[in-house]
Amino acid sequence: MGDLIDALQWPAMAITLVAAWLVGSLSRRKRTWGFWCFVLSNVLWVAWGWHDRAWALIGLQVGLFLFNLRGVSKNDDDAPAADSG
């Protein structure tokens, strides 16, 4: 089981890169998908970090998870566009 959890860092890294690519898109839909990919990568990084007792990484991922949920809500098609913030 330890080897499986150790291997989580690779899909977590790949999903993080895909998410960054999508978030940089001009398409609102792709940006929203990017934030959801970031959420998935946050979960994978926390699982890996818990196994390796990487507490700072877990703290970072929890913070980024909250920011990514904010990104999802701000990119929601029904949300009004804002000029700032």
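Residues numbered from 1 in each chain as written. Predicted model: local features only at pLDDT ≥ 70, side-chain atom pairs only at ≥ 80, totals over all residues. Heavy atoms only, no water.

## Overview of the side chain of Ser41
Piece 1. Relative to the helices and strands, Ser41 is located in helix H3 (residues 28-52).
Piece 2. Take Ser41: its relative accessible area is 1%, and that puts it in the buried class. (Helix = DSSP H or I, 4+ residues; strand = E, 2+ residues; numbered from the N terminus. Buried < 20%, exposed > 50% of the residue type's maximum accessible area, 1.4 Å probe, protein only.)

## Side note on the packing of aromatic side chains
Piece 1. The final tally for this structure, using the stated rule, is 2 aromatic pairs.
Piece 2. A ring pair is formed by Trp45 and Trp48, whose centres lie 5.8 Å apart and whose planes are at 85°; its orientation type is edge-to-face. Taken together, the residues Trp45 and Trp48, both in helix H3 and 3 residues apart, mark about one turn of the helix. For the pair Trp45 and Trp48, one class covers both residues: buried.
Piece 3. Ring geometry for Trp50 and Trp55: centres 5.3 Å apart, planes at 85°, overall edge-to-face. (Phe/Tyr/Trp six-rings, centres within 6.5 Å; stacked < 30°, edge-to-face > 60°.)

## Quick look at helix H4 (residues 55-74)
Piece 1. The end-to-end C-alpha distance of H4, which contains 20 residues, comes to 29 Å, matching closely the 28 Å that a straight helix rising 1.5 Å per residue would cover.
Piece 2. Residues of H4 that are buried include every one of Ile58, Gln61, Asn68, Gly71 and Val72, and no others. Angular distribution of buried residues about the axis of H4 spans 125°; they occupy a single face of the element. Exposed and oriented more than 90 degrees from the buried face of H4 are Trp55, Ala56, Leu66 and Phe67.
Piece 3. Buried residues belonging to H4 abut H3. (Expected span 1.5 Å × (residues − 1). Arc of directions from axis to C-beta. Contact = heavy atoms within 4.5 Å.)

## With respect to the confidence of the model for the protein chain
Piece 1. Across the protein chain, the average pLDDT comes to 90, with 89% of residues at or above 70.
Piece 2. For the protein chain, per-element mean pLDDT is lowest for helix H1 (residues 2-7), which scores 86, and highest for helix H2 (residues 9-23), which scores 97. (pLDDT = per-residue confidence, 0-100.)

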